[in-house]
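Chain by chain, the residues run as shown.
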Amino acid sequence: EMIRSGTTTFCDMYLFEDQVAEAAKNCGIRALVGEVLYDFPSPHYGPIENGLRFTESLIEQWKGDPLVRIAVEPHAAYTCSPQLLKQCHELAERQRVPVITHLSENQTEVDEILKRYGCRPVMHLERLGLLGPNLIADHCVALDDQDMELLARRNVQVVHNPESNMKLASGIAPVPRLLQMGVNVALGTDGCASNNDLDLFGEMDTCAKLHKVATLDSTALPARAVLQMTVQNGAKAVGLADKIGQLSLGRWADLIVIDLRKPHLTPLYEPVSQLVYAARGADVRHSIIHGRLVMENRRLLTLDVDEVMEHARRFSRSIRSF
């Protein structure tokens, strides 16, 4: 779905991420992935000590790969003890990889961390030493002024997931304010369980309109700013600002071709506006990732879609039978 809708690079947190890494490599998509870590036993690796060892082994396994990179991924402040968060930070520092976590996703999380530690989630991570340019903080919805100032001062990478936040009724992240303060905010979809699709074109449209209606200001988040969040800001967030995110000499060849010969894309006056407000993932005709053609004329060249969907349907039937 991601390749067919024009995504060339994705970031993922869940279980069995060794398999996600292998799948990404096999189908030729760029990925930053990591096994989710939390205080309770995992159905994959068992106790948390195993999870930290597993993460480090993944980092070593994929070190230097042109497509797959590994991050250290503690789930959130409310599922990870301060000790675990510190261990994750130390592992990431030692291995020079990013840390990815959910942060201030909703008011309930803020209230819980205030109750446990006497401060808000952003300050909690600041006290533990996690805030910095190597931290990718997902959601960042329930923020106050001090939170935003800390994120800006520490150059934290923020990923905005508007459709997920809407579906889960988490609230509306203060994205225009964060951008004004100099925070690098990238655009994401979150996972299928809370979205339900992974089409970044649809996410751009939602993002642009959501913040206009939230602020009652039609200029609050212009189309060009949203496109930048999706491309250049996304590249910076995953630590590849000098490699991808724009077409220029010396950068890696990640590019997509959009078919503009569609009724909903005709006439074309302003390309950026058309991409953000009208284009859909299904308008992507070709996808090239790291110089390799992975989709041509809507046909995937690196995997068999029918076979993949049949596997998914088979798993679905087995789950329904429980």
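Model, not experiment: these values are computed from the prediction.

Here is what the cut-offs are and how they apply
Residues numbered from 1 in each chain as written. Predicted model: local features only at pLDDT ≥ 70, side-chain atom pairs only at ≥ 80, totals over all residues. Heavy atoms only, no water. Helix = DSSP H or I, 4+ residues; strand = E, 2+ residues; numbered from the N terminus. Contact = heavy atoms within 4.5 Å. Pairing = 2+ DSSP bridges. Axes fitted to C-alpha atoms, helices over the stretch in contact; angles between N-to-C directions. Phe/Tyr/Trp six-rings, centres within 6.5 Å; stacked < 30°, edge-to-face > 60°. Core = buried A, V, L, I, M, F, W, Y, C linked by side-chain atoms within 4.5 Å. Buried < 20%, exposed > 50% of the residue type's maximum accessible area, 1.4 Å probe, protein only. Right-handed = clockwise from strand over helix to strand, strands pointing away. Salt bridge = Lys/Arg side-chain N within 4 Å of Asp/Glu carboxyl O. Parallel < 35°, antiparallel > 145°, perpendicular 65-115°, else oblique. Left-handed = near helix turned anticlockwise from the far one by under 90°.

Engineer: So what about the side chain of Ser104? Which residues, and what values?
Structural biologist: By secondary structure assignment, the location of Ser104 is in the loop between strand E5 (99-103) and helix H4 (107-117). Residue contacts for Ser104: discarding those within four places in its chain leaves Glu109, Val110, Pro121, Val122, Cys140, Val141, Ala142 and Leu143.

Engineer: So what's going on with the sheet that holds E5? Residues and values would help.
Structural biologist: Across the sheet, which stays open at both edges, the four strands sit in the order E5-E6-E7-E8 with parallel pairing between neighbours. Of all strands in the sheet, those with a lone pairing partner are E5 and strand E8 (184-187), marking the two edges. Each adjacent strand pair in this sheet contributes to an overall mean axis angle of 30 degrees, direction not counted. Of the pairings in the sheet, the one linking E5 to strand E6 (residues 135-139) comprises five bridges and is parallel in character. From the neighbouring strand, Thr101 faces E6, where its bridge partner is Ala137.

Engineer: Just give me the short version of the packing of aromatic side chains, but keep the residues and values in it.
Structural biologist: Enumeration according to the criterion identifies one aromatic pair in this entry. Taking the centre distance of 4.0 Å and the plane angle of 15 degrees together, the rings of Tyr38 and Phe40 count as stacked.

Engineer: Mind laying out the nonpolar core, listing which residues take part and the relevant values?
Structural biologist: Residues Val72 and Leu151 are the most contacted members of the largest nonpolar core, which totals 87 residues. The dominant element in this core, judged by the number of residues it contributes, is helix H2 (residues 48-62), at six residues. Leave out the neighbours within four places in its chain, and Val72 touches Leu37, Thr55, Ile59, Cys88, Leu91, Ala92, Val97, Pro98, Val99 and Ile100.

Engineer: Give a description of the pairing of strand E7 (residues 157-160) that names residues and reports values.
Structural biologist: Here E7 shows no split at all, with Gln157 and Val159 on one side and Val158 and His160 on the other all buried. Of the pairings in the sheet, the one linking E6 to E7 comprises three bridges and is parallel in character. Directly across from Ala137, in E7, lies its bridge partner Val158. The handedness of the E6 to E7 crossover, carried by helix H6 (residues 145-153), is right-handed. Sheet topology places E7 next to E8; four bridges connect them, and they run parallel. Bridge pairing in E8 links Gln157 to Asn184.

Engineer: So, the pattern of salt bridges: which residues are in play, and what are the values?
Structural biologist: Under the defined criterion, the tally for this structure stands at 16 salt bridges. Put simply, Arg94 and Glu56 hold a salt bridge, and the shortest N to O gap is 3.1 Å. Placement of the pair is Arg94 in helix H3 (residues 82-95) and Glu56 in helix H2, with a sequence separation of 38 residues. You can call Arg94 exposed: its relative accessible area is 54%. A cluster of three or more residues bridged by salt bridges with shared partners is formed by Arg120, Asp144 and Asp147.

Engineer: Residue-level account of the packing of H2 against H3, with values.
Structural biologist: Contact geometry of H2 with H3 gives a least axis separation of 11 Å together with a crossing angle of 15 degrees. For the element pair H2 / H3, the angle class is roughly parallel. The crossing of H2 and H3 is right-handed. Packed against H2, whose contacting residues are Ile48, Leu52, Thr55, Glu56, Ile59 and Glu60, the element H3 presents Leu84, Gln87, Cys88, Leu91, Arg94 and Gln95 at the interface.

Engineer: I'd like a rundown of unusual backbone geometry, residues and numbers included.
Structural biologist: Each neighbour pair has its own omega, and for Asn195 with Asn196 the value is 25 degrees, a cis peptide bond. Note on placement: Asn196 falls in the loop between E8 and helix H9 (200-215). Even without a glycine there, the phi angle at His290 is positive, about 55 degrees. Checked against the element boundaries, His290 lands in the loop between strand E10 (284-289) and strand E11 (292-296). Taking relative accessible area as the criterion, His290 reaches 32% and is therefore assigned partly exposed. At Arg298, a residue that is not glycine, the phi angle is positive and equals roughly 75 degrees. Relative to the assigned elements, Arg298 resides in the loop between E11 and strand E12 (299-300). Note on Arg298: relative accessible area 24%, which makes it partly exposed.

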